[in-house]
Structures are given as C-alpha cells and as structure tokens.
Amino acid sequence: MDQIKFLLPEITLILLSFALLFNSLIDQIDKRITNKILLIIGSLVSIILLLNGNPQGYFLNDTFENNTLTNTIKVLLVSGTLLSLLLISNSKSEQFKNYFNEYCFLLILSLVGGMIVVSSREFLTMIISFEILSIPIYLISAMGPNSKKSIEAATKLFFFGTLSTVFLIFSAVLFYSISGSTYINDIIWSTKDSVIVLSTIFLLLTVSFKCALYPFHFWVSDTYESAPMNILPFLSTIPKIAIIAFVFFFFQNLYNFNTNYQIINIISILIIGSISFGSILSVKQNNLFRLLAYSGIPHAGILIACAINPLPVSSDFLILYFTFYIFSNVGLFICLNSLPKINKDFTINDLSGLYKDSSFIAICLTIFLLSLAGAPLFAGFWGKFNVALISYKSFGLFLPILIMASAAVSFYYYIKIIRFIFLNKSIDQTYKFSTNTINIFLIIICVIITMALGINPNLMTKIF
Amino acid sequence: MILLSILLIPLIAIVLTNVVDKKSLYVKIFPLLGSLGCLLLILYYSYHNNLLSLVTFIEYIHLYDIFPKLGISMSFSISKISIILLILANITITTALFSTFNINKRLNEINTLILAISIGIYGLIIADDLFVFFLFYEIAVVPMFLMITNWGYDLKREISGPFKKILSSLSVGTKSYGAYKITLYLLVGSLLIFLGLGIVGINEGTFSITEILKNKDFNIGTGSDLKIAFFLLVLGFGSHSALWPLHTWAPDGHGTAPTAGSIIFAGILMKIGVIGFIKILITIFSVTFVEFSNILIFLASINIIYGAFTAMMQDDLKYLAAYASLSHIGYIFLALAMNNELGLSSAILQTVSHGLIICLLFFSVGLIFNLKKTRSIKELNSLSDNSPWISKIFIFAAFASIGFPLTSGFVAEFLIISSIAESGKPLLIVIPLIGIFITTLYMFRTVKKICLKYVEGNKESSSISFDEKLICSFLIIIIIIVGIAPNFFLNFINGESIKIFLGI
C-alpha cells in the first residue's frame, strides 16, 4: 500500500475513465453536462496531485521513478488531454455525441499509458506502457468520417505499430543480453560490443515510428487525413511528447560513461533526417491536414536534438518546447475544428477570406501558426532558438544551421497559410459564423499561454 | 526606464486602430498619434536627462531574466547615439503613416503592420542583449512580407535574354515575386545573424553586450569560431543593408512595395543592417573588424559606383531611387571601414541624413505616381506646370540626394570625405567623388526630363492635400536644419559619446 501513493494521479485518471464509461450506461437527459463535470474534476484532481505532494523517488522495485521533471511533463500531458477532451465533448457530429464516453475512456487510458512511459525505468513496464499508449490510438483512428479510408489508415498504423513493438521487445532482449538486467540504469553505454549499437537501433526504430520521425513518418499523413478530426489535438501531441520524454530519460546516462560515439551518430541520423525531410515534404503539400502532419516531423526532430543534449539546462528547454508545442498545436486544431465547413479534403485555398468570416478565429489561428513557425514574441521562438543554441554548444555548428534552415522553411509554409487567411475573396461567398463558447474559452487559454511564454519564457521554471 | 514605453505606445495604437470603425477617420489618426506620442516621449526623455549638455550618458535597464543559465536577459541600454537613431526611426515611421492616407483598401491593417515594424525597430535600437536584439529584429522583418503581398504593385517588366523561360516561370516583376525574394533574403539573413549571435553569446558565456564589452581585454573576436561568427554577421547584416553582392532584393522590393513600404525599406530596414554593424560588429569584434576592413572598403566602393551607374540606366522612378539609396548606403560602409571616430560619427550622420532624404524622395515619387499614374521617366513630363508643389518637393529631394550645400547630405558627405582623409588612405577620396559626380548627372537629367520639360496640352491639376504638404515641409525643414546647424546633431554623436558606446 505504501507504494500506491506514488501512482495516485494515474489511479485517479483510471477511475475517471471508468466513471465516464459507467456514466454512458445511465440513461439520463443531460449526460453531456455530467461528463464535462466529471472530466474537469478528475483531471484537475490529478493535476493538483501532481503539483503538490506527489512523492518523489523510485518505487515498485525501482521500476518507476517520479521526480520534478516527470511531474511537470505529466501535468502538461494531462492538461493537453483535458483541453482536447473538452473539445470533443462539444462536438456536434452524431458519432461523437453517441460514443463520447467510449472515446474518453480510450483516450484517458492512452494518456495513462503516456504518463507511465514517462516514469518507467525498466524494460518490461516500458513495453507494457508503450502498448497502453498505442492501442487506443489504433482503435480511434479507425473511427473516422470516411470509413473506408480511415480503416485503411488504421490497419496500416496497427500493423506497423505492432511490428515496431516487436522491435522494442527485441531491443530489450539484446540490452538484457549485455547488461544482464532489465533496468535501464544498468545499461553500460561504454561497452565496445556492437550488440549495444544494434539494440539501440531497434529501440530507435520503435521511437521513430511512434513519434513519426524520419524513416518511419509515412503513416502520419494518412492517419491525420482519415482519423476523426476531433482527436487530432490529442494525436498530434500526447504520444509524441510522452515518448520523447522517455528518450530523454533513457539516454540520460549516455554521457556519464566514456561516450560511445556510434550511438550519438545513429541518433543524429534520425535528427538530421527528420528535420530536413520533414521540411522538404511540408513545402509541397496543399492539403491542410497533410501539411500540418508533415510539419510535425521537423518539430519532433528538434525535440530529439534537445532530448539527447548533455547540458543540464536541456531539461528546462525540453519542458519549454513541450509546453509551447502542446498548447500551440491543441489551440491550432481547436481553431480548425471550429470552422463550419471543415472536412478532411480541406486545402489551404479553402481558408481564404477567413478573416472576413470570423476575425477572432483568424487572429488566433495566425498566432498559433506564427508560434509554430518560431516567430518572435510567441513561445515557439524561444523553443526553437534555444535548442539551436545548446546544440551549438555541445555538437558544433552543423546542427544549429540545420535547425535554423528548417525554421526558415517553416516560415515559408506557415506564412503561406496565413496569407490565405487574410486574403480577400468575393463578397457572395462570405458568411459569418459564431463559435461555441467553450471552444472560445479553450482557444483563449492556449493563446494566453503561447503569448505569455513568448514574452517571458522563464515563467515555466518559476512555476515548477 | 520611462523610455521603454515607446515599445508600448505603438501596441496601444494597434489595439485602438483595430477596435474603431474601419471607415472612420480614427483609423488614420490613432496610428499617427501613437507615432507622435513616441516622438514626444523621446524628446521629453532627452530634455529630462539633459542630454544636450551632458557629455557622457548611458542608461542601463534590466527588466527580467529570460534564461539566467545561458546569460540571456531582457535588458536595454540607452545612449545618446540610440536617441538619434530613435528619432530617425520615428520620423520615418511617421512619414510612412502619412503616405498611407490615400490608401482605401484595408487601411487599419497596413497601419497595424507599420506600427508592428516600429516596435521592432525601436526595440532593436535600444536592445542590450544579443538575443533580445534578434527578437526585435525578427519582429521588424516578418510584417514586411505581408505588406508587399497585399498592398504592392505588379510591375510590367520585359524579360529577355538566355534565362527568359526560367525568369518568366518565376513571374519576375509581380508583387509576390518581390515579396518572396525579399523574404528569402531577409530570412536567410536572419538565419546567419542568429547563428553569429549564438556563437558569440555561447563563447562569451553571456549575451549582454555591455558585459561582453567589459571583459574585452582578452582577445575577443579572434578565435576561429568567432571569426566564422564575424563573417556570418557581416553577410547577414550586409544582406539587410544591401551590401554589393547581396543587394538584388533592394530594387525589386522597392519597386513592388507600396509607397509606405518603400519608405520603410529605405528609411529603416536597410538601416537595420547598419545598426547591426554599429552596435555589434564595430564594438564586439573591434579587432577582427580592423583586420578585415579592406574587404568592406572594397565592397562599399562597388556599392557606391555600381549603384550610381545602375541608377543612371533606370526608367522607373522607384528603381532609380532604390539604386540611389544603394549608392548612398555605400558611403555609410565606407565611413565605417575607416576605423576612426570621425568615420563612425559621420556614418551615423549619413544614416540619419540618408533616411530623411530617401523618405522625401520616395514620398515624392509616390505623389507623382498618384498624379500621373505612371513612374516611367520616359512618359513623365511638365510636372512643374501640372503641379508646382510636387515638382518642388521632388527637386528638393533630388538636390538633397546629390549632397547640395545647406542640406544634410552635404554635411554627411563632407564629414565622410574628411574621415577618409584622416584615415591615411587619401586616394580613396576618389570613390565618393565619382559617386557624387554620377549622382549629380542622373538626378539633374531626371529633374530636367520630368519637371522642366514642357509639353503642350498639359493643364494645371495640383492634387496634393494638406497633410502631404505638412509632412513634406516637416521633412524639408529637418533636412535643412541638419544642413545648417549640424552641431546640434553632432553633439549626440561626437567623440565622447562614441567612446562610451564602444566601451573604451
């Protein structure tokens, strides 16, 4: 029983997910309001538990670790999920009205998986938590509006996802053969044995599949295009961030030993590939969702570059980047979801004249896009440029040049979207629309966080 | 501390401009009031601190830490030189706001962009931290793109030669071509500048310019990485201020931009590079700068002579003004490369004077275009009969641009020539003299062709409004004051304050 207090936030969330599931069985009129209240209370309790009095240290036979950093990341994950679930609870489509509780159940389980991934320090628990994180996503991505297309994408995702889990298990076996232990802390990075390189490659295969890094980014555009639009805020942020945080903790000990440069070279291939290919792929896209899907690849590459940086300050910057990425992305997708005629074949041209239709959505969309591009006075600026600075300090000039070049390219394709938002169109096409109050509230939260971090990024370190 | 509210006043003006009714007069008045408020604030600040009589003045403001572990903080420093540059920036912004008066299309948005640029430029001038410098730099650059794509002009350029197919596929001459070209240059420039600033800050352990200058005893700017940083910064700032091989954005950008855009490009944006040279390259990299100053002299000489000759060939008035400003930017770099105090102060004076003159020149070109609906020198004629006011303004701008006595251009060019004489390289005097000679040629020719040539059948149709008269006479008065009493301005940029500035 003594160990349970370490897991209280996760247990709260699991209870919440079951409570939501049982709520769907009760036949009552204002089920949706109860859902929202349950959701908000459950998530807030878990956030409060994480912020105050979540005990720190190793627990459950040293298989998990809680510290300030993991708590901060978990708070971010929970708040990102809360925002995206509140968006889903507002949805007007029949499917989401009827199956909202099931969606919530699955997504919260996936969130719990992500939270355990961040904490796990041992291979078996890690594999299980990776699965808890991924399986609900396979399920939900099959529930898209165009059933034929989304089942195709989900099958693709499922097959390759399970294959990548097999790779993960194989890598765990290889690590075990070297260190004789399933604990991550016991890996001796300085071993000259090539098995350790091989097992790192297999681990990185899994990681690159799950966060859509360069060699395994192919699923991301199909899934974004065919998955239900309301889960995109979740899908684009939570799994990526949980796994990159895991990468940060996994390679924490890499530099304590006499560094094995082969491993760093392999990781740098991932980073360089994702940043350059992601930028190149995004430039040509005309479908809005494919563009946003591909533009996530360079972000993931930059995040990995920050995660494997040996400087102690890198954890601060990682948190900053996570915060900016979660809130900008979630805000962006909430804005897109608020558009009345949005569907998955939406091209950039269809956004034209948005400023005339609803100036609030247009301005907020611009803020989020500028933040993602790394424009100054928005949080993204500090995120990208700090990573460039610290990677210059530890890896030399090449990586910062690449990051800056990708930032320049990302300006091109994000500003392309902004240009259409502010473009005029003929008068007969314009029609005013009003946005849901809760959506406006969510968007304002995201805008405030994006702007506040842009003006003083040091706020993050002051809060946590 | 009080001066920092010049970063806030434009922001308030932006909010007010977008709140009021889009067709009301307030859309014009609020931005203007914001800009004038900034000017009054700067003047009050210099009066309050008694800047005219004080020899040495520097105020250091530390707002809050951004990343204490890397030595980045939100800090500003205000010296006498930055006051002068702030006044120049303010006058340019005000002129740009006046030039938007006759735009009917989405006036509030273009004014918002101009005010956003003004925040960037003010912050840039007073920033003390390298990272904060870069932050404001980006703020100034990003709105430029939106401005050209939405309010620019499509040019009809005839394409010929071996690359005809490629060039026409790039749609050369359209406003989106101009906008993308300028954005590409500015973005690549900002990439290089960021890398340079990052290398300096990481190697020094702090990003504060004042702190770096305090530790100046060990050979700063001589390590191999820092030399790379020096060249990155020269390329970045050079591409901004249209240093010779990197100048090609300037004519296209100026040509396709709206009048307000041209004024801001020439008056401020090209000066951002110069401010970067003055604030960072000369101070932090003083040793390396002396080492490589011959390269800069070479490039600046090409700028002066090439710009002047190309301006002679132009038919479009805006292109003429763009190449003329290219040529005048060359004088600034030439003076900077002389490595003496007179050189630096004359460079700053030329920055101010060129900013004022080019504002007037572009403004008058905009007036001519509004009157005649063309900017081609071949088609324009008998302007002094049609509209005496516009023709007088244009003639004054042309003469000031040549460097006629009693205008600010004369003082600045005279000081530059004397700084060259002082530096011990007297043969170099030939270059500015050739530049002035060719400028005289093409300006006289243009004035003769478009103002004084009379064609039958032209009626008087003066179409200059009161506010245009107001801003033009304001600019003319300031240009003449600088020309007659340069001491008032030189007081701000004389030897002592430059020594403070350089951290000697």
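Residues numbered from 1 in each chain as written. Chains lettered and ligands numbered in written order. Predicted model: local features only at pLDDT ≥ 70, side-chain atom pairs only at ≥ 80, totals over all residues. Heavy atoms only, no water.

### Some details on the overall build of chain A
Piece 1. Each helix and strand counted, chain A has 18 helices and two strands in total.
Piece 2. Scaling as 2.2 N^0.38, a compact globule of 464 residues should have a C-alpha radius of gyration of about 23 Å, and chain A matches this with 21 Å.
Piece 3. Counting across all 464 residues of chain A, residues that qualify as buried make up 62%.
Piece 4. Long-range contacts, defined as pairs at least 24 residues apart, comprise 79% of the intrachain contacts of chain A with a sequence gap of at least 6.
Piece 5. Accessible surface for chain A amounts to roughly 16900 Å². Of this, 67% is attributable to carbon and sulfur atoms.
Piece 6. With 26 positive and 20 negative side-chain charges, chain A shows a separation of 11 Å between the mean positions of the two kinds. (Helix = DSSP H or I, 4+ residues; strand = E, 2+ residues; numbered from the N terminus. Rg over C-alpha atoms; globule rule 2.2 N^0.38 Å. Buried < 20%, exposed > 50% of the residue type's maximum accessible area, 1.4 Å probe, protein only. Contact = heavy atoms within 4.5 Å. Areas by Shrake-Rupley, 256 points an atom, 1.4 Å probe, with all protein chains shown as cover. Lys, Arg positive; Asp, Glu negative; His and termini not counted. Charge placed at Lys NZ, Arg CZ, Asp CG, Glu CD.)

### Examining the overall build of chain B
Piece 1. Check the secondary structure of chain B and you find 22 helices and two strands.
Piece 2. By the burial criterion, 64% of the 504 residues in chain B qualify as buried.
Piece 3. Long-range contacts, defined here as pairs at least 24 residues apart, represent 80% of the contacts in chain B between residues at least 6 apart.
Piece 4. Total accessible area on chain B is roughly 18200 Å²; 68% of this is exposed by carbon and sulfur atoms.

### Comments concerning the interface of chain A and chain B
Piece 1. Opposite the 34 residues of chain A that make contact, chain B presents 32 residues.
Piece 2. In terms of surface lost to chain B, no three residues of chain A exceed Leu389, Tyr392 and Arg419 of chain A, which account for 20% of the buried area on that side.
Piece 3. Put simply, chain A and chain B have zero salt bridges between them.
Piece 4. At the level of secondary structure, the elements contributing two or more residues to the side of chain A that touches chain B comprise helix H12 (314–338), helix H15 (379–395) and helix H16 (398–421) of chain A.
Piece 5. Residues of the side of chain A that touches chain B, tallied by class, amount to 26 nonpolar, five polar and three charged. (Buried area = accessible area lost by both parts, 1.4 Å probe. Salt bridge = Lys/Arg side-chain N within 4 Å of Asp/Glu carboxyl O. Nonpolar A, V, L, I, M, F, W, Y, C, P; charged D, E, K, R; others polar.)

### A look at the nonpolar core
Piece 1. The biggest cluster of nonpolar side chains holds 360 residues, and the ones touching the most others in it are Ile73, Phe250 and Phe251 of chain A together with Ile280 and Phe285 of chain B.
Piece 2. In contact with Ile73 of chain A, not counting residues within four places along its chain, are Val118, Ile241, Ala245, Phe249, Ile319 and Phe322 of chain A. (Core = buried A, V, L, I, M, F, W, Y, C linked by side-chain atoms within 4.5 Å.)

### Looking at the packing of helix H10 (residues 249–256) of chain B against helix H14 (residues 317–336) of chain B
Residue and element names in this part refer to chain B.
Piece 1. Following both chains from N to C, one finds H10 and H14 inclined at 140°, their axes separated by 9 Å at the closest point. On the basis of their axis angle, the class for H10 and H14 is oblique. Regarding H10 and H14, the two cross each other, and that crossing is right-handed. Across the interface between the two elements, Ala250, Pro251, Asp252, His254 and Gly255 from H10 touch Lys318, Tyr319, Ala322, Tyr323, Ser325 and Leu326 from H14.
Piece 2. Per-class residue counts for the contact of H10 with H14 are six nonpolar, three polar and two charged. (Axes fitted to C-alpha atoms, helices over the stretch in contact; angles between N-to-C directions. Parallel < 35°, antiparallel > 145°, perpendicular 65-115°, else oblique. Left-handed = near helix turned anticlockwise from the far one by under 90°.)

### Examining unusual backbone geometry
Piece 1. A positive phi angle is found at Asp62 of chain A, which is not glycine, with a value near 60°.
Piece 2. Mapped onto the elements, Asp62 of chain A comes out in the loop between strand S1 (57–59) and strand S2 (64–66).
Piece 3. You will see that Ala242 of chain B, though not glycine, has its phi angle at about 60°, which is positive.
Piece 4. Position of Ala242 of chain B relative to the elements: it lies in the loop between helix H9 (224–240) and H10.

### Some words on the side chain of Ser221 of chain A
Residue and element names in this part refer to chain A.
Piece 1. Within the secondary structure, Ser221 sits in helix H8 (residues 218–226).
Piece 2. Under the relative-accessibility criterion, Ser221 is labelled buried at 1%.
Piece 3. Filtering out sequence-adjacent residues up to four positions away, Ser221 remains in contact with Arg290, Ala293 and Tyr294.

### Focus on a nonpolar patch on the surface
Piece 1. Taken together, the side chains of Ile14, Phe18, Phe22, Leu25 and Ile26 of chain A make up a nonpolar region of the molecular surface, amounting to roughly 490 Å² of accessible area.
Piece 2. Within the secondary structure, Phe22 of chain A is located in helix H1 (residues 8–25). (Patch = residues over 30% accessible without salt bridge, like charges linked within 9 Å, V, L, I, M, F, W, Y side chains within 5 Å.)

### As for the environment of Ile342 of chain A
Residue and element names in this part refer to chain A.
Piece 1. Position of Ile342 among the secondary structure elements: in the loop between H12 and helix H13 (354–357).
Piece 2. A C-alpha to C-alpha distance of 50 Å links Ile342 and Asp2, two positions 340 residues apart in sequence.
Piece 3. Residues contacting Ile342, with those up to four places away along its chain left out, are Met229, Phe289 and Leu336.

### As for helix H17 (residues 437–455) of chain A
Along an α-helix, residues three or four apart share an orientation, since each turn contains 3.6 residues.
All names here are of chain A.
Piece 1. Here H17 spans 27 Å end to end across 19 residues, near enough to the 27 Å set by a 1.5 Å rise per residue.
Piece 2. Listed as buried for H17 are Asn439, Leu442, Ile443, Cys446, Val447, Thr450, Leu453 and Gly454. When H17 is viewed along its axis, its buried side chains cluster within an angular range of 140° and face the same direction. Residues of H17 that are exposed and angled more than 90 degrees away from the buried face: Thr437, Phe441 and Ile448. (Expected span 1.5 Å × (residues − 1). Arc of directions from axis to C-beta.)

### Section: the packing of aromatic side chains
Working definition: an aromatic ring pair is given by the centre-to-centre distance plus the angle between the planes.
Piece 1. Inspection of the entire model under this criterion finds 45 aromatic pairs over all chains.
Piece 2. Relative to Phe105 of chain A, the ring of Phe18 of chain A lies with its centre 5.3 Å away and its plane at 70°, an arrangement referred to as edge-to-face. With Phe18 of chain A in helix H1 and Phe105 of chain A in helix H4 (residues 94–119), this pair connects stretches of sequence that are 87 residues apart.
Piece 3. Ring pairs connect the aromatic residues Phe381, Trp382 and Phe385 of chain A together with Phe131, Phe134, Tyr137, Phe194 and Phe207 of chain B, which therefore count as one cluster.
Piece 4. Over the aromatic face of Phe249 of chain A sits the side chain of Arg121 of chain A, whose NZ or CZ is 4.3 Å from the ring centroid. (Phe/Tyr/Trp six-rings, centres within 6.5 Å; stacked < 30°, edge-to-face > 60°. Lys NZ or Arg CZ within 6 Å of the ring centre and 35° of its normal.)

### Overview of the environment of Leu8 of chain A
All names here are of chain A.
Piece 1. Along the chain, Leu8 falls in helix H1.
Piece 2. Note on Leu8: relative accessible area 35%, which makes it partly exposed.
Piece 3. Taking the C-alpha atoms as reference points, Leu8 and Ser46, 38 residues apart in sequence, are found 7.7 Å from one another.

### Quick look at H1 of chain A
All names here are of chain A.
Piece 1. If you check H1, its first and last C-alpha atoms are 26 Å apart, about what 18 residues at 1.5 Å a residue would give, namely 26 Å.
Piece 2. Turning to H1, its buried residues number three or more, namely Pro9, Glu10, Thr12, Leu13, Leu16, Ser17, Leu20, Asn23 and Ser24. Down the axis, H1 shows its buried residues gathered within 160° of arc, on one side only. Within H1, the exposed residues directed more than 90 degrees away from the buried face are Leu15, Phe22 and Leu25.

### Some points on the pattern of salt bridges
Residues and elements named next belong to chain A.
Piece 1. Per the counting criterion, the structure on display carries six salt bridges over all chains.
Piece 2. Of the charged contacts, one joins Glu225 and Lys149 as a salt bridge, the two residues approaching to 3.8 Å between their closest N and O atoms. Of the two residues, Glu225 is situated in helix H8 and Lys149 in helix H6 (residues 147–179); the sequence distance between them amounts to 76 residues.
Piece 3. A relative accessible area of 35% places Lys149 in the partly exposed class.
Piece 4. In this structure, Arg290 engages Asp222 in a salt bridge whose closest nitrogen and oxygen atoms are separated by 3.8 Å. Taken together, the residues Arg290 in helix H11 (residues 288–307) and Asp222 in helix H8 connect sequence positions 68 residues apart.
Piece 5. Within this structure, Lys149, Lys156, Asp222, Glu225 and Arg290 form a network of salt bridges that share partners.

### Here we look at the state of the cysteines
All names here are of chain A.
Piece 1. Applying the stated criterion to the full structure yields zero disulfides over all chains.
Piece 2. In this structure Cys306 is a free cysteine whose sulfur lies 14 Å from that of Cys211, the closest cysteine sulfur available.
Piece 3. The thiol sulfur of Cys335 is not disulfide-bonded, and the nearest other cysteine sulfur, from Cys364, lies at 5.2 Å.
Piece 4. Accessibility expressed as a relative area gives 0% for Cys335, which makes it buried. (Disulfide = S-S within 2.5 Å.)

### Describing the side chain of Thr351 of chain B
All names here are of chain B.
Piece 1. Positionally, Thr351 belongs in helix H15 (residues 341–372).
Piece 2. The exposure class assigned to Thr351 is buried, which follows from its relative accessible area of 2%.
Piece 3. A distance of 2.6 Å separates a polar atom in the side chain of Thr351 from the backbone oxygen of Ala347.
Piece 4. Not counting the four nearest positions on each side in its chain, Thr351 is found in contact with Leu88, Lys271, Val274 and Ile332. (Polar contact = N/O pair within 3.5 Å; in protein donor to acceptor, adjacent residues only side chain to side chain.)

### A look at the packing of helix H3 (residues 80–99) of chain B against helix H4 (residues 107–126) of chain B
All names here are of chain B.
Piece 1. Across the interface, H3 lies against H4 with an axial gap of 10 Å and an inter-helix angle of 175°. As the angle between them shows, H3 and H4 are arranged roughly antiparallel. For the pair H3 and H4, the contacting residues are Ser82, Leu85, Leu86, Ala89, Asn90, Ile93, Ala96 and Leu97 in the first and Asn111, Ile114, Ser118, Ile121, Tyr122, Ile125 and Ile126 in the second.
Piece 2. Residue composition of the contact of H3 with H4, by class: 11 nonpolar, four polar and no charged.

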